[in-house]
Structure formats: structure tokens, C-alpha cells
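Chain residues, written in single-letter form:
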Amino acid sequence: MATKCKDYNFLEIEPHWQSFWDNNHSFRAERGTSKPKYYVLDMFPYPSGAGLHIGHPEGYTATDIVARYKRAKGFNVLHPMGWDAFGLPAEQHAVKTGTHPASNTQNNIVNFKRQIKALGFSYDWDREIDTTDPKYFRWTQWIFLQLFKRGLAYVDERPVWWCPELRTVLANEEVIDGKSEVGGFPVERRNLRQWVLRITAYAERLLADLKDVDWPDSTKRMQEAWIGRSEGAEVLFDLENRSLGQLRIFTTRPDTLFGCTYMVIAPEHPLVDALTVPAQKAAVEAYRKKAAGKSDLERTDLAKEKSGVFSGSYALNPVNGARVPIWVADYVLMGYGTGAIMAVPAHDERDYEFAQQYELPIVQVIEAAAGETKLPYVGDGRVINSGTYNGLPWPEAKKRITSDLATKGVGQPTVNYKLRDWLFSRQRYWGEPFPVVWVSETDYRRVAGRRRDDVPGEPVTFTSDGVTHFALPLPAAALPLELPDVQSYLPSGNGESPLANETTWLEIWFNAETGAAVPASQPRPAGEAWVRGRRETNTMPQWAGSCWYYLRFTDPSNQAAFASPEALRYWGVPDLYVGGAEHAVLHLLYARFWHKVLFDLGQVPQAEPFSKLFHQGIILGEDGEKMSKSRGNVVNPDAIIASHGTDTLRLYLMFLGPLEAMKPWNPNGIEGVHRFLQKVWRECLDREGAVNPKITADPAADSAELIRLLHETIKKVGEDIEGLRLNTAISQMMIFANALQKSPTVSRTTVLAFIQVLAPFAPHITEELWERLGQTGSILAAPWPQFDAAKLVADMVKLVFQVNGKHRGDQQVPVGLSEADAVKIAYENPKVAPFVAGKALKRVVYVPGRILNIVVG
RNA sequence: GCCCAGGUGGUGGAAUUGGUAGACACGCAGGUCUCAGAAGCCUGUGCCUAACAGCAUCCGGGUUCGAGUCCCGGCUUGGGCACCA
């Protein structure tokens, strides 16, 4: 039932249709249908206390238009929404107020949901998910257990930001210029026990499979760069002091081995002490201390100035036996390759700079083709000063030298990646607890055997104070492992999360077979399977929940699995995934990694999670700056909905410019699209709200031109939605509305078809008009109008005349005009004639229906 | 420093494979309706011209009958990476 309002009262119309959709579950994805599926997904938001930002509805409107269009095209559409609700702000709020982060999070979700619903998006709210819901994170923990048993999770000491004043670990974004964001206290790097996921084991596939996905090139390139594959060789250099063995280095340029004039090892390299001669001991120690004091940031910040110190030792070049000095310098990183390099200053900028500074020799071994002599030279060329390899193009020399080294057993081809293993733990309360209990080695040996399928081949351990602890997973049946209520959300102070203070939760008797637990303060229950354990106090990072949520949407309430095989087979992965480019690397890489692990386990049928990806651009403030509270240029969607309605807001967000572009918010333009909707309303209904008398049942009421324009509009809007060119689709509808206004009469079918193509963009007003124009039932049920290609062709076309490439006029001409006739018409055209009169015709370029260029001399 | 994407009227932006630059809007000006206003409607609106012409897509070259679009060099804005050997 439509409303009864006389004029375009969006404040009445919009809530009316929103509750209509709600009550009818209009957007519920169907089950057991023979329709083809279409899965369109938004990156789900973190429900912040600030509420919805204008950037959220931008992407959501685009996907909503696609979802509504695809439904009209006969697809069974899955268009879900949920909450990435673990996160730091809720925890900080809890620390401040003492209230449980869950309650704050739920309040924020309620607010977010209200705002999103007010925008009229066609989400299937029956499938809403929340990453903090134990029914959800049960499966996040379950997937972690799969990684764990495959040996893809381990524990290691890793440097994290530590603030001594706040006695807590800080995230990168909480550290600003070496100070804590809160309070401005100094922070330092401290090694703490961390869970790490072995994403590097998937580096090659994460790189290779990028070719199979339809993603923006820039995003693919970013991931490629992040993975950072490079091919080269590891080479063994004998040490002059034979008792020390050999030094292993990685190089991408084995062809420049003859140009190696010194070696560099990282200050953290295990051989530093052994290689340092007594005379250099003090200098090396001082240097190493200085390097350790620098944060990563400082180390890179000070990149302009190279520094290092001579160890006093020498290595022997395997290709020519040359004696090469070994330096210690922090421009070589322990974390990449072998932490040691051969320096070839003639052909590497960093080595060149270092050699200049410490007056080390420089030997050129690649000759530029075109007499280029400036060093360092990193371009193409042939090998010189390299014995029997002289004269070879360098890629050829690289192959030969690498294989010759391999033959002699002093080298092998190697591939290295910049990608590091993923630091997967946080010293926080508000995250998924790890379903792991630490037990003694004896207990582990005793019980792990009965859980052979659940534990990795190599036990996960860590050692502290001389005691080695062994990680025993909870059985899957014991999940979820929920967060205990805590007295205080303040960090424990020793680098562990607030969970470390919850003794009854933490220190337990653990039944290794059932996962049952009782506090360790109580007597040990009877039975073989009970062991003394301590729970893991770390929690998972926010990425965990977002790594697989798109799978849960296919079957969100399943209790027996993260999703059923049938749901995964039918819905598969999203056909379209839309979200900000700020997630180009981390979220999208982590999710791909988890997906591939699940694929290897036979849990999902596809190797890639997001076949087609699109990034919406950022909407800037009116002043062209990023929107921020402090600048006071934030646009609140609620205010626009109140003043102009959500149909106007949706339309305007799309009309602002290309979806992918970064664009400033322009408050004036919103009137334009609002007027357009009012015009559409007026063309359909008169001042009393009755059908506009110009609309008749007679198909002949439409001019040929209006019919042609209608079909052009149906075609263009459909194509533009498919290509996410929503701004030009709206332009086309405006053109049609202008023509509609100028038509003295129009057929009802034409108006209805137009209302239908507008419906995905402005769903409320079109529902209203659909019914007011006499249709029964929702416009949602109407199939997308077909355009008739025959209606698109005109008999006459405008032909543009050029003389010597300059525009000199145009004229309507019949379609299929011959070149000779076209030239004749042009010569007779009064605008063209003066420019060709009395001149010799040299050439004619004729593009029928488009252009005629007459070249005269 | 390296990689990527942009730069078009007063403004947001349009322009198949190279084929009318400025669609559609905003703004502005004039008109119409009105007692008056608002809304709506009509006309105009890149620059320079009285007009014809001329000049115009960041700048400079080039290819072409024809370049916003292709090539070379530069400037500039935004994003990413940053001693990864």
C-alpha cells in the first residue's frame, strides 16, 4: 500500500517502504531455487562510536544498486551485512569506563544498523553476523586450529611497541613519532612472545594466483610488491679462518660475483662475535649497541647516512679466491635473505655509497652497451673483468655462474620473498581467545598421542625461564572458548593481556580429550586425560574475524560447520566485492591466505576468495581535505536523509563522480538530483497526487524520439550498472526525464519502464510511484525491462564536416550515405563551402555516420 | 629514491577502437508565471570577439587527414613501497 501524500514527501515515503521491505523479508536470499546466484558483498564495517560516515554509504549504495538490478534480472541475490566488531576503540573505552567492551560494541551496532537501514539498503538482515558473537568466533577459532595442526601457526619472540610508562603493548597506529598516542610517553621495541602464522609458506601461490582474479591492477601490483619475490642464489663464501666454516649470502646478481670487494653482515648476525677480531671488538660492540637502540623507524629514517664497522675478518670469493673484508653494517637486515651480502659497489647504489664512505675498492664487472661509464651502473650490459664469463650478457652470466657454483657445491638458485610471517597475536582483552592450553613437556608427550589429528607434527613450544611449554589445542567440540569476565581491562603490566590476571580462567586442570577445564585451585579431577595447564593470554588480531566472514554469510546460523558444503557450493565466493583501497594489502592478503588453507583442506571449492574486486574512492570534505572531526568538515548522512531523503542521498553519492575516484563533497550539487526526483514525481502525479493526465494507456502517445530515448536509457543504465559507472547512468536518466517533461503525452508503459530502471538507484520513490500508477505488488517483483535494439536505430544521423581536420559544420544525413554523396552535400553546405571553394581536393576521409574530413591544398 | 593512478569551463564531472571537447548537473545572467515571493518552465553561459574568425583538455615536442585519447620529455596532485641485496 502506497502512502497518500500529495507531493513528494520523502519523510513519509521512505520509512513506509523500509518497513514494507522489512515486514515482507523482501531481500531474503532464497534457498532451494533453480535461479542462478549472485553474491555481492561490502567490506563489513567496524561499528565505531562515531556512527556512520558518508564514506560508508558510498560503497554500500553502489553494491545495493547492483544487488537490486541483479534481482530484477532474475538472479537469486545474496547481499549481506555484518559487523567486524572486535577492535581497539571498544577496549580503550572499556579501560576508561570499566564497562564490558561487548556492551559498548552492541550499542554501536544498534546505532550503525539504524543508520544503515535508514538508507534503504537491500540487505538480507536474516544473515547478519557479528565477529564478537561466540557462535561466530567459534569458527574463527576452529579455522585457527586447522592452521595450527597443519604447522602453519607457531610461537616466537617478536619485537612489539612497549610503553614503559603505560606498562602496555601498543599497536602501530597508537605510536606517533616514537611516543604513545595516549599521554605522549616514549615507547620502545621489546621482544614478547607472539603467535605467528606461516603465510610465507603460501607466498608463491598468493603471487601466482593473482593472475586469476579480476581486481584493479594497482591492487594486484601492491600485493605483488608486498610479497616481493626475487630470484637469485645463495652463495657460500669460505672464511679465511677455516674453523669458522662458511658465510652464506643471498644475491640476486650472482653474475657480479667478480665485482665483490667486501661483505656485509647484519649487526644481529650470529657470526658477528666469531668474526670480530680482538682489535675490532670494542668498535663492533659499540656499533652493535647503537644499532640495537635504533627502532626500525630510525633505522630506515637514517637511510641517507650509511654506517658500519670492519670486523677484522676476511672471506674468500668462491669464483676467484679473492680475499674480501667483512663489515658489520645495519643497512643489511637480518630478517631478509641470510642477513649477509656480498657487496658489489660498482653495480649497487647502497654498496656504492658505503664503499665511497669507507674508501673501499670498486670493481666494474658489467659494461654498458652505449658507453655509459657512470657508477654505480645497474642497467643492462655484458660481463667484463670476470674471467671466462667475459662478454656474456648479464642474464646469461647469471645462469652460468649460478649453475657452476651449484656444481662446485658452493651455491644454489634461491627465491626470496619480502613477505614476512604474520604476527597474529595481540596483548589485548577484546579479541578471540586462542583455543590453546600450555602444558609441560611430560604431559604433552603423554596426551598428544591421543590427539594425533589435532596436533602438528612438530610441537609448538616456547621457553621461558628455562622451562619449555607445549601448546595443546582445545578439541574442536569444546569451542567456542569464550572470554572470561575480568575485574579490570587494564593490561597486566608485564606485557601480557588483562587475561593474565584472571587466575581461575587461566590456571586450570585441563581435560586434553574433552577440553573441559576446572580451576587449578581445585583438586585435580580423576582420569588420565587431566593435565595441569595455563591458557594462552594473547588474543587474535582484528583481521581474524574478517578473514573468512564472506564464507559465513552463505550459511550464517550453521552449528555444525562454518558453512555447509551445499551452501559453499551454491553461493561460492562473492561475485563482486566492494571496499576501500586501504585494505588492498593486509585484509585482502590475509583472507586469501586463509582461503587457500581451507581450499587445501577441502573445505572450500575455490582457490581464491574474491573473484572480482572494486575499490570505491574516498569522499573528501567540502574543503577538499580528508573528512575529520578536528577539521569540522564531516558530512553526516542522517542530516541529509532528514533534509533531502535517502533516495536523494543515494543518487547524489553516485552522481558525484566515478565510483573509484577520490572526490570532494559538494553540498550545492545535492539540490540538482533532488530536483530530478521531484521532476520524476511531477511527471507521474499531479498536484493532488493522482496520475498525471498526460499519461495514457495508448501506446501511440509516445513520440518515436521518446521511444528511442527510452530504449537507449534501458540499454545504457543496464550496461553502466554492470560496469559500476553509476554517475553516467544517472545522467542518462536525467536526459530521459527532461524529454519526458517535454512530451505532451506519454504511454503508461513507457513511464513504468523508466520507473523500473530508476528503481535500483532510488528504491523508495519508485516503489511509491509504481503503485500510484496502478501497478499491484512491489516493483521488486517486476523483471528488468528489455531494450529493443531495433528501436535504437535512427534513419538520419548527424554528419560532421571537417576541412583540413577543422570542424566546419554538420548536417543531418540519411544513414548509409555514400562517400560521393557526402562530399557533394558538404560542398553545398554554406558553412563548409567558403573553406573549400577554389581549392584542390587532395584527400577525403569518410567515417559514415560520424565524420567527413575534406583535405584541400 | 622507486612503482602506480590522476591533471578537461567559475564548480562536480562527460567524451566506443584516435572522429563535433565540455553530455548531465551545480552556479550565474536574462525572460515567463505571480499582488509579491518561492517552486516550476524557457533562453543563454569555455576564453576572446559586434560578428566572422581565432584560441582552448597541466607544460613542451612528436605521430596522424584528425589527438583529451597514441609516443617522447618535463611539471604537478594523490596513493603505495622504502637500505629487501
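Below or above, wherever it landed, is the structure these notes cover. This structure is a prediction, so every number in the text was calculated from the model and none was measured.

**Structural notes on the overall build of chain A**
Point 1. Secondary structure assignment for chain A yields 27 helices and 35 strands.
Point 2. Counting only C-alpha atoms and orienting by the principal axes, one finds that chain A spans roughly 100 × 90 × 50 Å.
Point 3. Buried positions account for 53% of the 857 residues belonging to chain A.
Point 4. A sequence separation of at least 24 residues applies to 71% of the contacts in chain A between residues at least 6 apart.
Point 5. Entry remark: accessible area of chain A is about 37600 Å², with carbon and sulfur atoms responsible for 52%.

**Points about the sheet that holds strand S6 (residues 168–170)**
Point 1. The strand order S6-S5-S9-S19 describes an open sheet built from 4 strands, whose pairing is antiparallel. Two strands close off the open sheet at either side, each with one partner strand: S6 and strand S19 (422–423).
Point 2. Here strand S5 (residues 153–163) pairs with strand S9 (residues 188–197) via 10 bridges, running antiparallel. Residue pairing in the sheet places Pro159 in a bridge with Asn191 of S9.

**Digging into the packing of aromatic side chains**
Point 1. According to the stated counting rule, one finds 53 aromatic pairs in the structure shown.
Point 2. With a centroid separation of 6.4 Å and an interplanar angle of 50°, the aromatic rings of Trp422 and Trp594 are classed as tilted. Of this pair, Trp422 sits in strand S19 while Trp594 sits in helix H18 (residues 586–600); the two residues are 172 residues apart in sequence, bridging distant segments of the chain. Trp594 matches Trp422 in its accessibility class, with the two residues each being buried.
Point 3. Geometrically, the ring pair formed by Tyr570 and Trp571 is edge-to-face, given 4.8 Å between the ring centres and 75° between the ring planes.
Point 4. Residue class for Tyr570 comes out partly exposed when judged on its relative accessible area of 27%.
Point 5. Since its relative accessible area comes to 4%, Trp571 is described here as buried.
Point 6. The ring centre of Phe75 lies 4.8 Å from the NZ or CZ of Lys70, which sits over that ring.
Point 7. Over the ring of Trp505 we find Arg535, and its NZ or CZ is 5.4 Å from the ring centre.

**Regarding helix H21 (residues 669–684)**
Point 1. Its 16 residues place the ends of H21 24 Å apart at the C-alpha level, agreeing with the 22 Å of an ideal helix rising 1.5 Å per residue.
Point 2. Of the positions making up H21, those classed as buried are Ile670, Val673, His674, Phe676, Leu677, Lys679, Val680, Trp681, Glu683 and Cys684.

**Focus: the protein's contact with RNA strand B**
Point 1. Neighbouring residues of RNA strand B: 54 residues in total, closest Thr252, Tyr331, Arg350, Lys418 and Asn853.
Point 2. Within 4 Å of the protein, the atoms of RNA strand B are drawn from sugar and phosphate moieties in a proportion of 65%.
Point 3. If you tally residues by element for the surface near RNA strand B, the top one is helix H23 (residues 726–742), at 8 residues.
Point 4. When its residues are assigned to classes, the surface near RNA strand B shows 20 nonpolar, 17 polar and 17 charged.

**Some points on the environment of Val66**
Point 1. Among the secondary structure elements, Val66 is positioned in helix H2 (residues 55–72).
Point 2. Judged by its relative accessible area of 4%, Val66 is buried.
Point 3. Here the alpha-carbon distance between Val66 and Thr407, two residues 341 residues apart in the chain, equals 59 Å.

**Some remarks on the nonpolar core**
Point 1. By size, the foremost hydrophobic cluster in this structure holds 179 residues, and its most contacted members are Phe144, Trp195, Trp594, Trp665 and Phe761.
Point 2. The greatest single-element share of this core, amounting to 9 residues, is contributed by helix H5 (residues 134–149).
Point 3. The residues contacting Trp594, other than those within four sequence positions of it, are Thr140, Ile143, Leu147, Leu197, Trp422, Phe424, Ala544, Cys547 and Trp548.
Point 4. Counting 50 residues, the second-largest nonpolar core is a separate cluster that includes Leu275, Phe310, Ala340 and Ala343.

**Section: the side chain of Asn633**
Point 1. Looking at the secondary structure, you find Asn633 in the loop between strand S28 (619–620) and helix H19 (637–644).
Point 2. On the accessibility criterion, Asn633 (9% relative accessible area) is buried.
Point 3. For Asn633, the side chain forms a polar contact with the main-chain oxygen of Lys626, separated by 3.3 Å.
Point 4. A polar side-chain atom of Asn633 sits 2.9 Å from the main-chain amide nitrogen of Ser628.
Point 5. Here Asn633 is in contact with Gly621, Asp623, Glu625, Lys626, Met627 and Ser628, once residues within four sequence places are set aside.

**Thoughts on the pairing of strand S23 (residues 507–511)**
A regular strand carries its side chains on alternate faces of the sheet.
Point 1. The buried fraction of S23 is high, at 5 of 5 residues.
Point 2. A two-sided burial pattern is seen for S23, the buried positions comprising Glu507, Trp509 and Asn511 on one face and Ile508 and Phe510 on the other.
Point 3. Here S23 pairs with strand S25 (residues 530–535) via 5 bridges, running antiparallel. Note that in S25 the partner of Trp509 across the bridge is Arg532.
Point 4. Taken together, the 3 bridges between S23 and strand S24 (residues 517–519) define a ladder with antiparallel strand orientation. Bridged to Trp509 within S24 is Val518.

**Concerning the environment of Val365**
Point 1. Residue placement: Val365 occurs in the loop between helix H11 (349–358) and strand S16 (366–367).
Point 2. In the structure, Val365 is positioned 108 residues away from Leu257 in sequence and 8.5 Å away in space, judged by C-alpha atoms.
Point 3. Those residues in contact with Val365, other than ones at most four positions away along the chain, are Thr256, Phe258, Gly259, His347, Arg382, Val383, Ile384, Asn385 and Ser386.

**Thoughts on the sheet that holds strand S33 (residues 806–814)**
Point 1. As summarised here, the arrangement of the 4 strands in space is S33-S32-S35-S34, forming an open sheet in which the pairing is mixed. A single partner strand is all that each edge strand has here, and the edge strands are S33 and strand S34 (841–847). Sheet twist, expressed as the mean angle between neighbouring strand axes with direction ignored, is 20°.
Point 2. Where S34 lies against strand S35 (residues 851–856), 6 bridges are found, and the strand directions are antiparallel.

**Here we look at the side chain of His615**
Point 1. Structurally, His615 is set in strand S27 (residues 613–616).
Point 2. In this structure His615 comes out as buried when scored by relative accessible area, which is 8%.
Point 3. Among the polar contacts made by the side chain of His615, one reaches the side chain of Thr219 at a distance of 2.7 Å.

**As for the packing of H19 against helix H20 (residues 646–655)**
Point 1. Direction vectors running N to C along H19 and H20 enclose 120°, while the axes themselves pass 7 Å from each other. Looking at the two axes, H19 sits oblique to H20. Across the interface between the two elements, Pro637, Ile640, Ile641 and His644 from H19 touch Thr646, Thr648 and Leu649 from H20.
Point 2. Looking at the contact of H19 with H20 residue by residue, the classes come out as 4 nonpolar, 3 polar and no charged.

**Concerning the packing of H23 against helix H24 (residues 748–758)**
Point 1. Close contact between H23 and H24 brings their axes to 11 Å; oriented N to C, the two are set at 155°. When the axis of H23 is compared with that of H24, the two are roughly antiparallel. The interaxial crossing formed by H23 with H24 has left-handed handedness. The segment H23 lies against H24, with Met733, Phe736, Ala737 and Leu740 engaging Thr750, Val751, Phe754, Val757 and Leu758.
Point 2. Of the residues in the contact of H23 with H24, the class split is 8 nonpolar, 1 polar and no charged.

**Points about the pattern of salt bridges**
Point 1. Under the criterion given, the structure shown has 51 salt bridges.
Point 2. Between Glu128 and Lys113 there is a salt bridge; the shortest N-O distance is 2.6 Å. With Glu128 in the loop between helix H4 (101–118) and strand S4 (129–130) and Lys113 in helix H4, the pair connects residues that are 15 residues apart, well separated along the chain.
Point 3. For Lys113, a relative accessible area of 24% translates into the label partly exposed.
Point 4. In this structure, the salt-bridge partner of Arg450 is Glu513, at a minimum N-O distance of 2.6 Å. Here Glu513 lies in the loop between S23 and S24 and Arg450 lies in the loop between helix H13 (441–448) and strand S21 (461–464), a separation of 63 residues in the sequence.

**Notes on helix H26 (residues 819–828)**
Point 1. For H26, the set of buried residues is Ala822, Val823 and Ala826. End-on view of H26: buried residues confined to an arc of 100°, all on one side of the axis. Along H26, exposed side chains directed more than 90 degrees from the buried face belong to Ala820, Lys824 and Glu828.
Point 2. Those residues of H26 that are buried lie in contact with strand S32 (796–803), helix H27 (833–836), S34 and S35.

Rules used throughout
Within every chain, residues take consecutive numbers counted from 1 along the sequence as written. Working convention: letters from A go to chains and numbers from 1 go to ligands, in the order in which they are written. pLDDT decides what is reported in this predicted model: residues at 70 or higher carry local features, side-chain atom pairs at 80 or more are listed and counted, and totals for whole chains, interfaces and linings draw on all residues regardless. Side-chain metrics rest on all non-hydrogen atoms present in the structure, leaving aside hydrogens and water. Think of it this way: any DSSP run of H or I at least four residues long counts as a helix, any run of E at least two long counts as a strand, and we number them from the N terminus. Buried, partly exposed and exposed residues are distinguished by accessible area as a fraction of the type maximum, computed with a 1.4 Å probe on protein chains only: under 20%, between the cut-offs, and over 50%, respectively. Note on contacts: a residue pair qualifies if any of its non-hydrogen atoms lie within 4.5 Å across the two residues. For every accessible area listed, the method is Shrake-Rupley and the probe measures 1.4 Å; residues are considered covered only by the protein chains on display. The pairing criterion is simple: DSSP has to find at least two bridges between the two strands. Pairs were defined over the aromatic rings of Phe, Tyr and Trp, the Trp ring being its six-membered one, requiring ring centres within 6.5 Å. Orientation was assigned from the angle between planes: stacked under 30 degrees, edge-to-face over 60, tilted for the rest. We call a charge positioned above a ring when the Lys NZ or Arg CZ atom is no farther than 6 Å from the ring centre and deviates by at most 35 degrees from the ring normal. Take the residue count of a helix, subtract one, and multiply by 1.5 Å to get its expected span. We call a residue near a molecule or strand when any one of its heavy atoms sits within 4 Å of it. When residue character is reported, Ala, Val, Leu, Ile, Met, Phe, Trp, Tyr, Cys and Pro are called nonpolar, Asp, Glu, Lys and Arg charged, and the others, Gly included, polar. Working definition of a nonpolar core: buried Ala, Val, Leu, Ile, Met, Phe, Trp, Tyr and Cys residues. They are joined through side-chain atoms within 4.5 Å. Two N or O atoms count as a polar contact when they lie within 3.5 Å, although within protein this holds only if one can serve as hydrogen donor and the other as acceptor, and sequence-adjacent residues are included solely when both atoms are side-chain atoms. Where helices are involved, their axes are fitted lines through C-alpha atoms of the stretch in contact, as for all axes, and angles between N-to-C directions lie from 0 to 180°. If an angle is under 35 degrees, it is roughly parallel; if it is over 145, roughly antiparallel; if it lies from 65 to 115, roughly perpendicular; otherwise it is oblique. Here a crossing is called left-handed whenever its near helix is offset anticlockwise from the far helix by less than a right angle, and right-handed whenever the offset is clockwise. Salt bridges are counted wherever a side-chain nitrogen of Lys or Arg sits within 4 Å of a carboxyl oxygen of Asp or Glu. This arc describes the spread of directions from the helix axis toward the C-beta atoms.

On their own, these measurements won't tell you what the molecule is for.
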